[in-house]
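Results of the structural survey
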Amino acid sequence: QVQLLESGGGLVQAGGSLRLSCAASGFTFRAYAMGWFRQAPGKEREFVAAISGTGSVTIYGDSMKGRLTISRDNAKNTVYLQMNSLKPEDTAVYYCAVGRNPFTTAQAISTMTDLNWGQGTQVTVSS
């Protein structure tokens, strides 16, 4: 059974940084691309970043490009999202996701289809 557990969210002032973590279990972690998404109140869920199984390919959505880094530690079955220069408009619930099969590429994850999801972690950026 796939399980994704996000952590690291919280309250931060504008301009600050946070690092989110997503601990995965129930599948062969190194074989799967992983992704991060976010959903702000009243808005649709949007793609933030994705990374291939080996970590050699990373892609980023437009909303936070230049301010974040996605990485993974396959020995720890964990994917990370380092977010810098945070803005109040970055306030959202951040979700970790993985494709339902190991052939799902990082690019495919960005389309938000056929994914398993974590429960999310709240990030609040104060002005």
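I will try to describe carefully the structure that is included in this document.

Looking at the overall build of the chain
Within the chain, the regular secondary structure consists of one helix and 11 strands. The C-alpha radius of gyration computed for the chain amounts to 13 Å, which stays within 12% of the reference 14 Å derived for 127 residues, consistent with globular compactness. Seen along its three principal axes, the alpha-carbon backbone of the chain occupies a region of about 40 × 25 × 25 Å. Out of the 127 residues belonging to the chain, those deemed buried represent 44%. Counting contacts in the chain only where the partners sit at least 6 residues apart, residues at least 24 apart contribute 59% of the total. A distance of 5 Å separates the average location of the 11 positive side-chain charges in the chain from that of its 8 negative side-chain charges.

Some words on the nonpolar core
Residues M34, W36, V79, L81, M83 and Y94 are the most contacted members of the largest nonpolar core, which totals 28 residues. Only β3 (18–25), β4 (34–39), β5 (46–51), β7 (68–73), β8 (78–83), β9 (92–99) and β11 (121–126) provide two or more residues apiece to this core. Once residues within four sequence positions are removed from consideration, L81 is found in contact with L18, R19, L20, W36, V48, A49, L68, T69, I70 and Y94. Counting residues in hydrophobic clusters, the runner-up holds nine residues, among them A33, A97, A106 and I109.

Analysis parameters
- Residues numbered from 1 in each chain as written.
- Predicted model: local features only at pLDDT ≥ 70, side-chain atom pairs only at ≥ 80, totals over all residues.
- Heavy atoms only, no water.
- Helix = DSSP H or I, 4+ residues; strand = E, 2+ residues; numbered from the N terminus.
- Rg over C-alpha atoms; globule rule 2.2 N^0.38 Å.
- Buried < 20%, exposed > 50% of the residue type's maximum accessible area, 1.4 Å probe, protein only.
- Contact = heavy atoms within 4.5 Å.
- Lys, Arg positive; Asp, Glu negative; His and termini not counted.
- Charge placed at Lys NZ, Arg CZ, Asp CG, Glu CD.
- Core = buried A, V, L, I, M, F, W, Y, C linked by side-chain atoms within 4.5 Å.

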